[in-house]
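Results of the structural survey
This is what each chain is made of:
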Amino acid sequence: MEKNSLNETIQTWSLVEEGLFEYPIADNQVPALLANRCTKCGKTFFPKRSLCPYCFEKGEMKEIRLDRRGVIYACTVVHRNSPTGIVAPYAYGYVDIPVNKVRVFGLFVGSDPSSFTPGQEVQLVIEPIKIDHQGKQIIGYKFKPVS
Amino acid sequence: MREVFIVGAGMTQFGKHTDRSLRDLGREACLNALRDAGVKPKKIEAGYCGNALAPAIQGETGVGQNVFWEVGINEIPIVNVENACASGSTALREGWMAIASGFYDMVIVAGVEKTVMPKGAMLDVGAAELETKLGDVFPGQFALIAQKHMERYGTTREQMAKVSVKNHFNGTLNPYAQFQKQFTVEEVLNSPVVADPLTLFSCCPNSDGAAALILCSKKKAQRMKVRAVRIAASILTSGTYSNQRDITGWEIEKRAAEGAYQMASLGPKDVDLVEVHDAFTISEIIHYEDLGLCAPGEGGRFVEEGATELSGRIPVNPSGGLLAKGHPVGASGVAQVVEIVWQLRGEAGKRQVKNPRVGLAQIMGGYKEGDTRACTVHILIKD
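**Section: the packing of aromatic side chains**
What the rule picks out here adds up to 14 aromatic pairs over all chains. Between Phe103 of chain B and Tyr104 of chain B the ring centres are 6.1 Å apart and the planes differ by 55°, which places this aromatic pair in the tilted class. Note that Arg103 of chain A overlies the ring of Tyr73 of chain A, its terminal NZ or CZ placed 3.4 Å from the centroid. A cation over a ring is seen here: Lys368 of chain B above Tyr241 of chain B, with NZ or CZ 5.5 Å from the ring centre.

Right under this line is the structure:
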């Protein structure tokens, strides 16, 4: 957090979307994506859903924290800046979270973009995905190789 | 359900039409279709116009009313249809349903789009989806699919490139195609990488263009001096959006194909030519499999052995497809059917397929949770 000349706190970041993860977190806190799970069928949804599409009103949605460990399902490297301002080259794809039996979309960082491969073990990190036109950091989530 | 016939078909050349508006392109296509049918605008009872991105790109809504008024059509029911790349084909289905159910006897269907962007810019379809905000782009989605198809079935980059080579060759025979230039496999593979493994020439271009069809009942078609083509099947499906699905095939497409074959009482072996949604080279390979033209996983080998060339066992994308003909999003679904109508009538010039009787058009559009949103399959028969 920055302060201006009036000693007012200025927020220098904003979230890519609300409700996806807790931010900011303490250094010793494990980052986690916030999902929910239908108590009737057990299916997990990220991002969270208001209603289970399979159980309709018979299911109750319970919020859960996803395990941070994932396995890459598919990945690619994009060589053009995305229309939404993600700077190329960047890697992204889908990650399966074995503990929660759910697949999530994610950017891949922490290694050369072309180094990622299906089957690779990765883990969640919360960090800026870009700087917006006002100079604010946009905070999103990504996956990096398990060292 | 009544039988429905296509009695008029027309389109503009697809490509870069910077100085022309949506309504102007639409006017040309509709005029061509009306003239082809020998039908006056006042005889049209309803109009359906497919367009996906005018509100986002041109800041324009009500494209259908604008386009149809250009050719003197007003007052009748007009519906604007949006289903991403399946907008035009969904408009066609609406027109088909309207006549099949007995509501109208003659309707016009159009598809219009302008997606040519400043050089190097990628199509910005808005950031409503989280994945898009995080950097998801259409070439990337299909690059992921290509990776898994290569991993599962051993499909090669060369096989994928062959789709582009074939379709660009067909494009040189189509005066309506955006690209009139052939490529070799090497040229496709060596073009700049967009999203690995998809290169520039593995991806369809941004395009401007329009296409239109005149549909009518059997009774009306019999009284007209035109070579009418019957719509034997029209199916629209939506995605399953299941979370951990196998992305090497599209269940949404298999469902649409099965429904269409059943409706037309025929199978893949009865089809003489096909137009598919080759937005990316890998797409066409998977469409062969999902449509039952070849076995699952055999798509790469199928194109490699030449089965889908103009002279092949089952020509696919004789028009040049989205890759070479271009892909004005809302227009493509209608243009595929315009091509099939011309082919079935024997009016396809240098790219004419030998004596076709049955044509199939498949197109899919949109991204949702790792699946696609909409898929249509139409089957046309020259009785």
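**Quick look at the side chain of Thr44 of chain A**
All names here are of chain A. Looking at where Thr44 falls in the secondary structure, it is placed in strand S5 (residues 44-45). Residue class for Thr44 comes out buried when judged on its relative accessible area of 8%. A distance of 3.4 Å separates a polar atom in the side chain of Thr44 from the backbone oxygen of Asn100.

**What to know about the pairing of strand S2 (residues 46-50) of chain B**
Residue and element names in this part refer to chain B. Counting buried positions over the five residues of S2 gives five, a clear majority of the element. Side chains Ala46, Tyr48 and Gly50 project from S2 onto one buried face, and the interleaved Gly47 and Cys49 project onto a second face that is buried too. Pairing geometry for S2 and strand S3 (residues 78-81), over four bridges, is parallel. Residue Gly47 lies in a different strand from S3, and its bridge partner there is Ile78.

**Quick word on the sheet that holds S5 of chain A**
Residue and element names in this part refer to chain A. The three strands are arranged S5-S4-S6 in an open sheet whose pairing can be described as antiparallel. Only two strands of the sheet have a single partner each, and these edge strands are S5 and strand S6 (61-65). Here strand S4 (residues 34-38) pairs with S6 via five bridges, running antiparallel. By the bridge assignment for S6, Asn36 is matched with Glu63.

**Looking at the interface of chain B and chain A**
With 33 residues of chain B at the interface, the matching set in chain A holds 32 residues. Along the contact surface separating chain B from chain A lie one salt bridge. In this structure, Lys133 of chain B and Glu17 of chain A form a salt bridge, with 2.9 Å as the shortest nitrogen-oxygen distance. Along the contact surface separating chain B from chain A lie 17 residue pairs in polar contact (both at pLDDT 80 or more). Every element with two or more residues in the side of chain B that touches chain A is listed here: helix H5 (130-133), helix H6 (138-153) and strand S5 (193-195) of chain B. It is H6 of chain B that provides the largest number of residues to the side of chain B that touches chain A, a total of seven residues. Among the residues forming the side of chain B that touches chain A, the class breakdown is 14 nonpolar, ten polar and nine charged.

**A closer look at the packing of helix H10 (residues 251-264) of chain B against helix H11 (residues 281-290) of chain B**
Between two packed helices, the angle of one axis relative to the other and the distance separating the axes together describe the packing. Residues and elements named next belong to chain B. For the pair H10 and H11, the least separation of the axes is 9 Å and the interaxial angle reads 45°. In this view, H10 runs oblique relative to H11, as classed from their interaxial angle. You can see that H10 and H11 cross each other, and the crossing is right-handed. In this structure, H10 uses Glu253, Lys254 and Ala257 to contact H11, whose residues at the interface are Ile286, His287 and Asp290. Looking at side-chain class alone, the contact of H10 with H11 contains two nonpolar, one polar and three charged residues.

**A look at the pairing of strand S7 (residues 69-78) of chain A**
All names here are of chain A. Within S7, eight of the ten residues are buried, which leaves it mostly tucked inside the rest of the structure. Of the strand pairs in this sheet, S7 and strand S10 (residues 121-131) are connected by three bridges, and their pairing is antiparallel. For Gly70, the partnering residue across the bridge sits in S10 and is Val122.

**Considerations on helix H4 (residues 87-100) of chain B**
Residues and elements named next belong to chain B. With 14 residues, H4 extends 20 Å from end C-alpha to end C-alpha; this agrees with the ideal 20 Å at 1.5 Å per step. A large share of H4 lies buried, amounting to twelve of its 14 residues. Among the residues making up H4, those that are buried are Ser87, Gly88, Ser89, Thr90, Ala91, Leu92, Arg93, Gly95, Trp96, Ala98, Ile99 and Ala100. Phi for Gly102, located one or two positions after H4, is positive at around 90°.

**Things to note about the confidence of the model for chain B**
A low pLDDT means the predicted coordinates there should not be read in detail. Per-residue confidence for chain B averages 96 on the pLDDT scale, and 98% of its residues sit at or above 70. Confidence estimates for the predicted assembly give a pTM of 0.96 and an ipTM of 0.95.

**Re the sheet that holds strand S1 (residues 4-11) of chain B**
Residues and elements named next belong to chain B. Pairing in this open sheet of nine strands is mixed, and the strands run S3-S2-S4-S7-S1-S8-S11-S10-S9 from one edge to the other. Each edge of the open sheet carries a strand with a single partner, namely S3 and strand S9 (273-275). In this sheet, neighbouring strand axes are inclined to one another by 25° on average, regardless of whether the strands run parallel or antiparallel. In terms of strand pairing, strand S10 (residues 358-368) meets strand S11 (residues 371-381) through ten bridges, oriented antiparallel. Paired with Met364 across the bridge in S11 is Cys375. Most of the contacts of H10 go to strand S8 (residues 229-238), to which it runs at about 150°, and overall it touches S8, S10 and S11.

**A short note on the side chain of Gln362 of chain B**
All names here are of chain B. Checked against the element boundaries, Gln362 lands in strand S10. For Gln362, a relative accessible area of 0% gives the class buried. Within polar-contact distance, the side chain of Gln362 engages the side chain of Glu253 at 3.3 Å. For Gln362, the contacting residues outside a window of four places in its chain are Glu253, Glu275, Val276, His277, His287, Leu291, Gln336, Cys375, Thr376 and Val377.

**Observations regarding unusual backbone geometry**
The linkage connecting Phe46 of chain A with the following residue, Pro47 of chain A, adopts the cis geometry, with an omega of 0°. Mapped onto the fold, Pro47 of chain A is located in the loop between S5 and S6. The omega torsion of the bond from Ala88 of chain A to Pro89 of chain A falls at -5°, within 30 degrees of zero and hence cis. With respect to the helices and strands, the residue Pro89 of chain A is situated in the loop between S7 and strand S8 (90-97). Phi is positive for Asn317 of chain B, close to 60°, though the residue is something other than glycine. Looking at where Asn317 of chain B falls in the secondary structure, it is placed in the loop between helix H12 (299-304) and helix H13 (321-325).

**Quick notes on H6 of chain B**
Residues and elements named next belong to chain B. For H6, spanning 16 residues, the distance from its first C-alpha to its last is 22 Å, which sits close to the expected 22 Å at 1.5 Å a residue. Regarding H6, the residues found buried are Pro139, Gly140, Gln141, Phe142, Ala143, Leu144, Ile145, Ala146, Gln147, Lys148 and His149. Of the residues trailing H6, Gly154 is marked for its positive phi of about 75°.

Reading guide: rules and limits
- Residues numbered from 1 in each chain as written.
- Chains lettered and ligands numbered in written order.
- Predicted model: local features only at pLDDT ≥ 70, side-chain atom pairs only at ≥ 80, totals over all residues.
- Heavy atoms only, no water.
- Phe/Tyr/Trp six-rings, centres within 6.5 Å; stacked < 30°, edge-to-face > 60°.
- Lys NZ or Arg CZ within 6 Å of the ring centre and 35° of its normal.
- Helix = DSSP H or I, 4+ residues; strand = E, 2+ residues; numbered from the N terminus.
- Buried < 20%, exposed > 50% of the residue type's maximum accessible area, 1.4 Å probe, protein only.
- Polar contact = N/O pair within 3.5 Å; in protein donor to acceptor, adjacent residues only side chain to side chain.
- Pairing = 2+ DSSP bridges.
- Contact = heavy atoms within 4.5 Å.
- Salt bridge = Lys/Arg side-chain N within 4 Å of Asp/Glu carboxyl O.
- Nonpolar A, V, L, I, M, F, W, Y, C, P; charged D, E, K, R; others polar.
- Axes fitted to C-alpha atoms, helices over the stretch in contact; angles between N-to-C directions.
- Parallel < 35°, antiparallel > 145°, perpendicular 65-115°, else oblique.
- Left-handed = near helix turned anticlockwise from the far one by under 90°.
- Expected span 1.5 Å × (residues − 1).
- pLDDT = per-residue confidence, 0-100.

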